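A closer look at the structure
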Amino acid sequence: MMPSVWTPEMPSVDIITLGCSKNLVDSEQLMRQFVANGYTVEHDPHKINGEIVVVNTCGFIGDAQEESINMILDLGEAKKKGKIGKLFVMGCLSERFLKDLENELPEVDRFYGKFNWKELLNDLGKSYYRELAADRVLTTPRHYAYLKIAEGCDKRCTYCVIPQIRGDYRSVPMEQLVAEAADLANQGVQELILVAQETTVYGRDLYGKKALPELLTRLGALEGLRWIRLLYCYPEEITGELMDVMASNPKICHYIDMPIQHCNDEILCRMGRRTSRQDIEEIIAALRKRMPDIAIRTTLICGFPGENQAQHEELLDFIRQMKFDRLGAFPYSRQEQTPAAEETKKLWADEVMELQQEVSAAKNETFIGKRLEAFVEGKVADEPVYIGRTYRDAPDVDGYVFISSERELVTGEFVEVDITGAYEYDLIGDLAE
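Only a predicted model underlies this, so the values are computations on that prediction, with no experimental measurement involved. (Residues numbered from 1 in each chain as written. Predicted model: local features only at pLDDT ≥ 70, side-chain atom pairs only at ≥ 80, totals over all residues. Heavy atoms only, no water.)

What follows is about helix H7 (residues 174-186). Residues spaced three or four apart along an α-helix point in a common direction, a consequence of the helix completing one turn every 3.6 residues. Along its 13 residues, H7 runs 18 Å from first to last C-alpha, staying within 8% of the 18 Å computed at 1.5 Å per residue. Along its buried surface, H7 packs onto strand S6 (144-148), strand S9 (191-195), helix H8 (204-207) and helix H9 (212-220). Backbone geometry just after H7 places Gly188 at a positive phi near 110°. (Helix = DSSP H or I, 4+ residues; strand = E, 2+ residues; numbered from the N terminus. Expected span 1.5 Å × (residues − 1). Contact = heavy atoms within 4.5 Å.)

Now the structure itself:
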């Protein structure tokens, strides 16, 4: 995978992003700074040939930490063989274990924390351009982009170390976000995906109230945008005002990512969550009443310390009753420096996902015979079939619609699709005439 020995003919930097979409935005902003300093930039882990390689790490759960460490070790070997120049590491893992990593991985030229990666430019004798702070080199397909509306988190869930890594909740000023979104729309972005550790409390620290409904209204007024999608919405923070804005603004997808983690009240309490099963059921009912076609995505933690078989069975029954459109389940991952730091229990996640396959397949079958709008994302090789996403599908985490079309389609094109079939997670359809 690695190219031949690196030669410094042209200043270049390779950025490798691991983890979440919020990390991706950080990488895109850093890439813009490198471009402003005369570098060429690459964002492909399979094309490493730069004078400088920067790894933006994830430190949230054990698997993500392991992925980050393995990537650093591989690049360290490549550096020893002269295939790359300098190796730098930034991001959440580096923020969390800075001293340990410095001691254990001397092949890295320097580690930077989550928020001091600007020092990297200074260390290289380059400038940090404050006027470009919100500018980015987009690494996503041209038709969609992530908009990070806040940093940090004020919640103190017992399984999560994010507040220790990213700090307290800090909203990005609304004017700055609207200007950034307008610039993205001018670049051809048609789908804006709002992300934060928690999007639903946006603005409370700046404006003394939840300002997400107002932000959505202002973003919905921008020309060029076709879809606005919400991720990471805590159920207890979803208000009637937010639901009304979602229901009334045609640009806002009837889609919500709402991580609940569990349904059992005792487990939720020990997780430090601020909802009960009844609360969750009521908010789901309210969302579906206002938007009958809404796609609800959630995530669950299986095997939380102390969880018993009866509580697991309760969770399975809950999934059958709620019929989530999208669902991810993860075995509990031990987090150091958190109150729930016990031996990781990798239990029940497979059983949850097997059940969700049945639920999802039944949901998808209800769309057969209907017409849906979709963005084209790519093409199946050697077949007149294209890959698309509907309003029900966030990039990288949800399903696709496979579109049969004799007409050539291009990535980013917005089309109508007549649904003819369904799989567990994906739909099949024909390009509408």
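Counted according to the given criterion, the structure contains 35 salt bridges. Of the charged contacts in the structure, one is a salt bridge between Lys80 and Glu77, with a shortest N-O distance of 3.4 Å. Note that Lys80 and Glu77 are positioned in helix H2 (residues 62-80) at a spacing of 3 residues, about one turn of the helix. Since its relative accessible area comes to 59%, Lys80 is described here as exposed. (Salt bridge = Lys/Arg side-chain N within 4 Å of Asp/Glu carboxyl O. Buried < 20%, exposed > 50% of the residue type's maximum accessible area, 1.4 Å probe, protein only.)

As a further point, take the sheet that holds strand S18 (residues 427-431). Spatially, S14-S15-S16-S18-S17 is the arrangement adopted by the 5 strands of the closed barrel, whose pairing is mixed. Across the sheet, the axes of successive neighbouring strands diverge by a mean angle of 50°, strand direction being ignored. (Pairing = 2+ DSSP bridges. Axes fitted to C-alpha atoms, helices over the stretch in contact; angles between N-to-C directions.)

To continue, consider the packing of aromatic side chains. A full pass over the atoms with the stated rule returns 8 aromatic pairs. Between Phe88 and Tyr112 the ring centres are 6.0 Å apart and the planes differ by 55°, which places this aromatic pair in the tilted class. With Phe88 in strand S4 (residues 86-91) and Tyr112 in the loop between strand S5 (110-111) and helix H5 (118-123), this residue pair connects regions lying 24 residues apart in the sequence. When sorted by exposure, Phe88 lands in the same class as Tyr112, which is buried. Measuring from ring centre to ring centre gives 5.5 Å for Phe304 and Tyr332, while their planes differ by 75°; the resulting arrangement is edge-to-face. Taken together, the residues Phe304 in the loop between strand S12 (295-302) and helix H13 (309-322) and Tyr332 in the loop between strand S13 (326-331) and helix H14 (349-365) connect sequence positions 28 residues apart. Considered together, Phe304 and Tyr332 belong to a single accessibility category, that of buried residues. These aromatic residues form a ring-pair network of at least three members: Trp227, Phe375 and Phe414. The cationic tip of Lys370 hangs over the ring face of Phe367; the distance from NZ or CZ to the ring centre is 5.3 Å. (Phe/Tyr/Trp six-rings, centres within 6.5 Å; stacked < 30°, edge-to-face > 60°. Lys NZ or Arg CZ within 6 Å of the ring centre and 35° of its normal.)

Further remarks concern the packing of helix H12 (residues 277-290) against H13. Interhelical geometry of H12 versus H13 gives an angle of 15° and a closest axis separation of 12 Å. Taken together, the axis directions place H12 and H13 in an arrangement best described as roughly parallel. Crossing hand, H12 versus H13: right-handed. Mapping the contact onto sequence places Arg277, Ile280, Glu281, Ile284 and Arg288 in H12 and Glu314, Phe318, Gln321 and Met322 in H13. (Parallel < 35°, antiparallel > 145°, perpendicular 65-115°, else oblique. Left-handed = near helix turned anticlockwise from the far one by under 90°.)

What follows concerns the pairing of strand S17 (residues 414-422). Examined bridge by bridge, strand S14 (residues 371-379) and S17 share 5 bridges and lie antiparallel to one another. Counterpart to Glu373 in the pairing with S17 is Glu416. In sequence, S17 turns back onto S18 through a hairpin of 4 residues.

Once that is clear, we can look at unusual backbone geometry. Here the phi dihedral of Gln261 falls at roughly 75°; this positive angle occurs in a residue that is not glycine. Tracing the backbone shows Gln261 in the loop between strand S11 (252-257) and helix H11 (265-271). In the Ramachandran plot, Asp382 falls in the positive-phi region, its phi being about 65° despite a non-glycine side chain. Mapped onto the elements, Asp382 comes out in the loop between S14 and strand S15 (385-389).

Below, the discussion takes up the packing of H7 against H9. The angle between the axes and the distance between the axes are what describe a pair of packed helices. Between H7 and H9, whose axes approach to 10 Å, the crossing angle comes to 30°. In this view, H7 runs roughly parallel relative to H9, as classed from their interaxial angle. When the axes of H7 and H9 are compared, the crossing they make is right-handed. For the pair H7 and H9, contact is made by Met174, Glu175, Leu177, Val178 and Ala181 and by Glu214, Leu215, Arg218 and Leu219, respectively. Split into classes, the residues belonging to the contact of H7 with H9 amount to 6 nonpolar, no polar and 3 charged. (Nonpolar A, V, L, I, M, F, W, Y, C, P; charged D, E, K, R; others polar.)

So, about the side chain of Asp325. Of note, Asp325 is situated in the loop between H13 and S13. Using a relative accessible area of 4% as the deciding quantity, one classes Asp325 as buried. At a separation of 3.3 Å, a polar atom in the side chain of Asp325 contacts the side chain of Arg392. (Polar contact = N/O pair within 3.5 Å; in protein donor to acceptor, adjacent residues only side chain to side chain.)

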